[in-house]
Amino acid sequence: MFREFATVYPGHIDLPDHGQFATPANERRFTNEQLAGVFAKTEAVAKLMDRTGWDTLWMAEHHFQYEGYEVIPNLLMAAVHLCHLTTKLKIGCGFNIAPMWHPLRLAEDYAVADILTKGRTVFGVGRGYHSREVETFGAPILNQEANRELFEEQVEIIMKAFNNESFSHKGKHYTLPPEVPYRGYTLKELTLVPRPINLPVETWQPVVSASARGLDFMIKHGIKGAVGGGAATMREGPISGYREAAARAGIDLKLGENLMLGIFVHLADTKEKAVKELRPLYEEHIKMFAPLGFVPGATQAHVEAIAQRGGWDEAGVPTLDHFMKLGSWFAGTPEELIAYLKELEERYPGMEHINISTPMAAPEHVMLEQLGWVAEAVMPKFKQT
């Protein structure tokens, strides 16, 4: 059953308008002061979640987004700060994009955060999807095979550094340490200083393509999976794929075990009101994600329509109603949300983590209202006190 309740806040500012008739995504640009304001918003969200019994606030690492959608570039610095403002809330790195880091710098920085937050920073790694970010930092993303190859070697290094008193590594991209003279001897091994105190390091990764190679890699390293709604609500999708990968490694998992399902939620006194309030936020959300390939079923013609003001219905752009039927978006009353979550529990008996999030572009007051409402009216039906 669901025991851990989380939300994702990707780091968007309060946009002045929302939806298909509002400012197109590529025309948005904000001042540095407006962009920096996201950190006060993050603090408000974290403090409310801490007060109301949420388990984890996940944030996303992104760079160069003057459009105002995802503007937190360093999750580990933010995690240390937020843990000093809260008492129990865990801060999740959803996700540190490994190809934009040197793996040992990422391992070191996480270890420092683990120590300073007394284990309340949750490690997460991803491959990335913004070409503007990944390619600017000198790593491949347009070449997906090269990206995956680099990512896998980096994670191998990070796990060695976390779990061994000393280590070495020789691969395609890294030779660690280089065999150089040091203090009268030739360097053969390294020790991460400091190493994380809380071992083994709980590590999460997004499940996107759910390829056998990717899932096998996760199981090999004990990495848990964060799954978006949509196809994940179908048994043939990545949830069953993760379990099958575990079985190939001789590990017996219940369906949904070591996975976290994410859904976008908006509550109101009636379903009709919830849908009406959610629709412009949904439309703003897909303005951000459709060009990046994260709106299932969106064709190139849809993406071109989404980049314009209006005309979405005529172009056949996927609607909020469509994704509500899939189960990845929810609008309704607290009682209806409880019933839906109970259905998911029955479908995935091993799943203990649920990620209930507001959509991209939700203003601060909406986020606080919704997170507070879920904590008050929904979570007590699942979390044991």
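This structure is a prediction, so every number in the text was calculated from the model and none was measured.

### Re the overall build of the protein chain
Piece 1. Helix and strand counts for the protein chain stand at 14 helices and 14 strands.
Piece 2. A globule of 385 residues ought to have a C-alpha radius of gyration of about 21 Å, and the protein chain, at 21 Å, matches this closely.
Piece 3. C-alpha atoms of the protein chain, sized along the principal axes, occupy 75 × 45 × 40 Å.
Piece 4. Within the protein chain, buried positions represent 54% of all 385 residues.
Piece 5. In the protein chain, the proportion of contacts linking residues at least 24 apart, taken out of those at least 6 apart, comes to 74%.
Piece 6. When the accessible surface of the protein chain is summed, it comes to about 17,300 Å², and 53% of that surface belongs to carbon and sulfur atoms.
Piece 7. Across the protein chain, the 38 positively charged side chains and the 48 negatively charged ones have centroids separated by 4 Å.

### Quick word on the packing of helix H4 (residues 103-116) against helix H6 (residues 144-163)
Piece 1. Their axes nearest at 9 Å, the elements H4 and H6 cross at an angle of 40 degrees. It follows that H4 is oblique to H6 by the angle criterion. Taken as a pair, H4 and H6 cross one another with a handedness that is right-handed. Facing H4, whose interface residues are Pro103, Leu104, Leu106, Ala107 and Tyr110, H6 presents Gln154, Ile157, Ile158, Ala161 and Phe162.

### Focus: the nonpolar core
Piece 1. In this structure, Phe5, Trp54, Leu57, Phe162, Leu337, Leu341 and Ile356 are the most contacted members of the largest nonpolar core, which totals 116 residues.
Piece 2. When near neighbours in sequence (up to four residues on either side) are disregarded, leucine 337 contacts Ile263, Val265, Leu267, Phe330, Val374 and Val378.
Piece 3. Of all hydrophobic cores here, the second largest spans seven residues; its members include Ala6, Trp58, Ala226 and Met260.

### Some remarks on helix H9 (residues 271-289)
Piece 1. With 19 residues, H9 should reach 27 Å at 1.5 Å per residue; the first-to-last C-alpha distance of 25 Å fits that figure.
Piece 2. Within H9, the axis deviates most sharply at leucine 278, by approximately 35 degrees, and proline proline 280 lies no more than four positions further along.
Piece 3. Within the span of H9, buried status applies to Ala274, Val275, Leu278, Leu281, Tyr282, Glu283, Glu284, His285, Ile286, Lys287, Met288 and Phe289.
Piece 4. On its buried side, H9 packs onto strand S12 (259-267), helix H10 (300-306), helix H11 (312-315), helix H12 (320-326), strand S13 (329-332) and helix H14 (364-377).

### Comments concerning the pairing of S12
As a general feature of sheets, a regular strand has side chains that alternate between the two faces.
Piece 1. For S12, the tally of buried residues reaches eight of nine residues, placing the bulk of the element in the interior.
Piece 2. Both strand S11 (residues 224-228) and S12 contribute to a ladder of four bridges, which runs parallel. If you follow alanine 226 over to S12, its bridge partner there is methionine 260.
Piece 3. In terms of strand pairing, S12 meets strand S14 (residues 353-357) through five bridges, oriented parallel. If you follow leucine 261 over to S14, its bridge partner there is isoleucine 354.

### A short note on H6
Piece 1. Over its 20 residues, H6 runs 28 Å from end to end, which matches the ideal 28 Å to within 8%, given 1.5 Å per residue.
Piece 2. Between the side-chain oxygen at the start of H6 and the backbone nitrogen of glutamate 145 there is a gap of 3.2 Å, and the oxygen is on asparagine 143.

### Section: the packing of aromatic side chains
Piece 1. Counting across every chain of the model gives 16 aromatic pairs.
Piece 2. Measuring from centroid to centroid gives 6.0 Å for tryptophan 58 and phenylalanine 95, while their planes differ by 40 degrees, and the two rings are tilted. Taken together, the positions of tryptophan 58 in strand S2 (residues 56-59) and phenylalanine 95 in the loop between strand S3 (90-93) and strand S4 (96-97) put the pair 37 residues apart, joining distant regions of the chain.
Piece 3. The class for tryptophan 58 is buried, based on a relative accessible area of 4%.
Piece 4. When its relative accessible area of 15% is taken as the criterion, phenylalanine 95 is described as buried.
Piece 5. Between tyrosine 282 and tryptophan 329, the aromatic rings sit 5.1 Å apart at their centres with planes inclined by 90 degrees, giving edge-to-face as the arrangement. With tyrosine 282 in helix H9 and tryptophan 329 in strand S13, this residue pair connects regions lying 47 residues apart in the sequence.
Piece 6. Through successive ring pairs, a cluster of aromatic residues spans Phe264, Tyr282, Phe323 and Trp329.

### Some words on the pairing of S13
Piece 1. Neither face of S13 is open: one carries Trp329 and Ala331, the other Phe330 and Gly332, and all of them are buried.
Piece 2. Two elements, S12 and S13, share four bridges in a ladder whose sense is parallel. Residue pairing in the sheet places histidine 266 in a bridge with alanine 331 of S13.

### Re the pattern of salt bridges
Piece 1. Here the structure, examined in full by the defined rule, presents 20 salt bridges.
Piece 2. In this structure, glutamate 284 and arginine 28 form a salt bridge, with 3.2 Å as the shortest nitrogen-oxygen distance. Here the residue glutamate 284 occupies a position in helix H9, and arginine 28 occupies one in the loop between strand S1 (4-9) and helix H1 (32-36), the gap between them amounting to 256 residues. Each member of the pair, glutamate 284 as well as arginine 28, carries the same accessibility label: buried.
Piece 3. For lysine 342, the salt bridge goes to glutamate 345, with nearest N and O atoms at 4.0 Å.

Calculation rules
- Residues numbered from 1 in each chain as written.
- Predicted model: local features only at pLDDT ≥ 70, side-chain atom pairs only at ≥ 80, totals over all residues.
- Heavy atoms only, no water.
- Helix = DSSP H or I, 4+ residues; strand = E, 2+ residues; numbered from the N terminus.
- Rg over C-alpha atoms; globule rule 2.2 N^0.38 Å.
- Buried < 20%, exposed > 50% of the residue type's maximum accessible area, 1.4 Å probe, protein only.
- Contact = heavy atoms within 4.5 Å.
- Areas by Shrake-Rupley, 256 points an atom, 1.4 Å probe, with all protein chains shown as cover.
- Lys, Arg positive; Asp, Glu negative; His and termini not counted.
- Charge placed at Lys NZ, Arg CZ, Asp CG, Glu CD.
- Axes fitted to C-alpha atoms, helices over the stretch in contact; angles between N-to-C directions.
- Parallel < 35°, antiparallel > 145°, perpendicular 65-115°, else oblique.
- Left-handed = near helix turned anticlockwise from the far one by under 90°.
- Core = buried A, V, L, I, M, F, W, Y, C linked by side-chain atoms within 4.5 Å.
- Expected span 1.5 Å × (residues − 1).
- Bend = angle between axes of the 7 residues up to and from the residue.
- Pairing = 2+ DSSP bridges.
- Polar contact = N/O pair within 3.5 Å; in protein donor to acceptor, adjacent residues only side chain to side chain.
- Phe/Tyr/Trp six-rings, centres within 6.5 Å; stacked < 30°, edge-to-face > 60°.
- Salt bridge = Lys/Arg side-chain N within 4 Å of Asp/Glu carboxyl O.

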